[in-house]
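The lines below spell out each chain.
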Amino acid sequence: MLDLRNRIAVVVGGTGGLGRAIAQLLAARGARVVVVGQTFRDAGTPGIEFVQADLSLMAEAGRVTRALPAEVADLLIFTTGIFAAPQRKTTAEGIEQDLAVSYLNRLVMLREMAPRLGKARSADAAKPRVFLWGYPGTGQIGNPDDLNAEHAYKPFAQHMNTVAGNEILVLDAALRYPHLNVYGVNPGLVKTNIRSNLLGHRKFVFSLLEGIIGLLTPSPAQYARRMAPLLVSPAIEPHSGALFDNKARAILPSEGLTEAHIRKFTAASEALLTRVGVAL
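Quick caveat: nothing in here was measured; it's all calculated off a predicted structure. (Residues numbered from 1 in each chain as written. Predicted model: local features only at pLDDT ≥ 70, side-chain atom pairs only at ≥ 80, totals over all residues. Heavy atoms only, no water.)

A. Looking closely at the packing of helix 4 (residues 155–176) against helix 8 (residues 259–275). Where helix 4 contacts helix 8, the axes come no closer than 10 Å and their chain directions differ by 105°. As judged from the angle between their axes, helix 4 and helix 8 are roughly perpendicular. Together, Asn-161, Ala-164, Gly-165, Ile-168, Leu-171, Asp-172 and Arg-176 of helix 4 and His-261, Ile-262, Phe-265, Thr-266 and Glu-270 of helix 8 make up the contact between the two elements. When grouped by side-chain class, the residues that make up the contact of helix 4 with helix 8 number five nonpolar, four polar and three charged. (Axes fitted to C-alpha atoms, helices over the stretch in contact; angles between N-to-C directions. Helix = DSSP H or I, 4+ residues; strand = E, 2+ residues; numbered from the N terminus. Parallel < 35°, antiparallel > 145°, perpendicular 65-115°, else oblique. Contact = heavy atoms within 4.5 Å. Nonpolar A, V, L, I, M, F, W, Y, C, P; charged D, E, K, R; others polar.)

Structure below.
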């Protein structure tokens, strides 16, 4: 019953996993959807347009953002993400791979698009909405003193830097951009390829785990049908900065994400981007 005609959505990470399922559903309900990713699998699907980008590179994230139709967008959705590899991997810019793909490109893109988002829509339109998929509300605050894992590296600990970074990005952006509504979403477990970077070298373990997850949890398409109404729900309009679980229920932010910690983590993120030549 969801009618999304005349809505425009940008889905960063919309070429695979949850992002692809969400993009497909939005388009099926009448929205114009622009997906950003590396490999387009929905050529010919009505309502879906493709912009190619390697979002492991911050310079590329900045470039592609300037080409996106932010001014007319109603929804900006971030679903890009991987898990940290067993051994530390870095991008060509020297950033730990998980941090780059799962968090920092979102910071770059949101900072560039936020001032333009929705500016060319009608004056009586609702505020543009930004949704960041991550794992908020899980108690992770990250380690801003070693954000890039240059002094010590453990896969789980490093992935928690991206988890904390995304929740912090929601809380910071809700205050930084009062003309937007910004929300965080925790999808829980869903069968996608997000764990392949961590377990892909152990194919039997990876296949077994994903098989079990697939039996016990909704498919990406089922998950998208459950969550899509939240994206346009009038009920959340006054609650920028709110976080939601995999059943679209509100959840509390992580303890320990104080204003001081948010400032410190954000400053560390900005300093790392400056180091690789990206100015916010």
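B. Quick look at the packing of helix 3 (residues 97–113) against helix 8. Look at helix 3 against helix 8: their axes get within 11 Å of each other, and the N-to-C directions meet at 90°. Judged by the angle between their axes, helix 3 and helix 8 are roughly perpendicular. Note on element contacts: helix 8 touches helix 3 through Phe-265, Thr-266, Ser-269, Glu-270, Leu-272 and Leu-273, opposite Leu-99, Tyr-103, Leu-104, Leu-107, Val-108 and Arg-111. The residue inventory of the contact of helix 3 with helix 8, partitioned by class, reads eight nonpolar, two polar and two charged.

C. Focus on the sheet that holds strand 4 (residues 75–78). Spatially, the eight strands line up as an open sheet ordered 3-2-1-4-5-6-7-8, and their pairing is mixed. Single-partner strands in this sheet number two, and they are strand 3 (48–52) and strand 8 (250–251). By the bridge criterion, two bridges tie strand 6 (residues 181–185) to strand 7 (residues 243–244) in an arrangement that is parallel. Paired with Gly-184 across the strands is Leu-243, a residue of strand 7. (Pairing = 2+ DSSP bridges.)

D. Main features of the pattern of salt bridges. Enumeration over the complete set of coordinates arrives at 14 salt bridges. Where Arg-20 meets Asp-42, a salt bridge forms, and the shortest distance between an N and an O atom there is 3.0 Å. Of the two residues, Arg-20 sits in helix 1 (residues 17–28) while Asp-42 sits in the loop between strand 2 (32–37) and strand 3, which places them 22 residues apart along the sequence. Using a relative accessible area of 25% as the deciding quantity, one classes Arg-20 as partly exposed. Classification of Asp-42 by relative accessible area gives buried; the value is 6%. Here Arg-32 and Glu-49 are joined by a salt bridge, their closest N and O atoms 2.7 Å apart. With Arg-32 in strand 2 and Glu-49 in strand 3, this pair connects stretches of sequence that are 17 residues apart. On the accessibility criterion, Arg-32 (32% relative accessible area) is partly exposed. (Salt bridge = Lys/Arg side-chain N within 4 Å of Asp/Glu carboxyl O. Buried < 20%, exposed > 50% of the residue type's maximum accessible area, 1.4 Å probe, protein only.)

E. The arrangement of the packing of aromatic side chains in detail. Tallying each qualifying case throughout the model produces five aromatic pairs. Note on Phe-131 and Trp-133: the rings are 6.3 Å apart at their centroids and 45° apart in plane angle, and the pair reads as tilted. Each member of the pair Phe-131 and Trp-133 is classed as buried. Among the aromatic residues, those joined into a cluster by ring pairs are Phe-131, Trp-133, Tyr-183 and Phe-244. (Phe/Tyr/Trp six-rings, centres within 6.5 Å; stacked < 30°, edge-to-face > 60°.)

F. Quick peek at the side chain of Asn-161. Here Asn-161 shows up in helix 4. You can call Asn-161 buried: its relative accessible area is 3%. A distance of 2.6 Å separates a polar side-chain atom of Asn-161 from the backbone nitrogen of Asn-143. Other than its neighbours up to four places away in sequence, Asn-161 contacts Leu-99, Gly-142, Asn-143, Asp-146, Leu-147 and Phe-265. (Polar contact = N/O pair within 3.5 Å; in protein donor to acceptor, adjacent residues only side chain to side chain.)

G. Inspection of the pairing of strand 4 at higher detail. Because side chains alternate across strand 4, one face comprises the buried residues Leu-75 and Ile-77, and the other comprises Leu-76 and Phe-78, equally buried. In this structure, strand 1 (residues 8–12) lies alongside strand 4, joined through four bridges in parallel fashion. Within strand 4, the residue paired with Val-12 across the bridge is Phe-78. The parallel pair strand 4 and strand 5 (residues 129–133) is bridged by helix 3, and the resulting crossover is right-handed. (Right-handed = clockwise from strand over helix to strand, strands pointing away.)

H. Seen up close, unusual backbone geometry. Phi angles above zero are rare outside glycine, and Asn-6 is one such case at about 75°. Summarising the element assignment, Asn-6 is placed in the segment before strand 1. Positive phi, close to 65°, is recorded for Ala-248, a residue that is not glycine. For Ala-248, the location among the structural elements is in the loop between strand 7 and strand 8. Under the relative-accessibility criterion, Ala-248 is labelled partly exposed at 27%.

I. Quick look at the environment of Gly-184. Topologically, Gly-184 is positioned in strand 6. For Gly-184, a relative accessible area of 1% puts it in the buried group. Through-space distance from the C-alpha of Gly-184 to that of Asn-166 is 7.9 Å; in sequence the pair is 18 residues apart.

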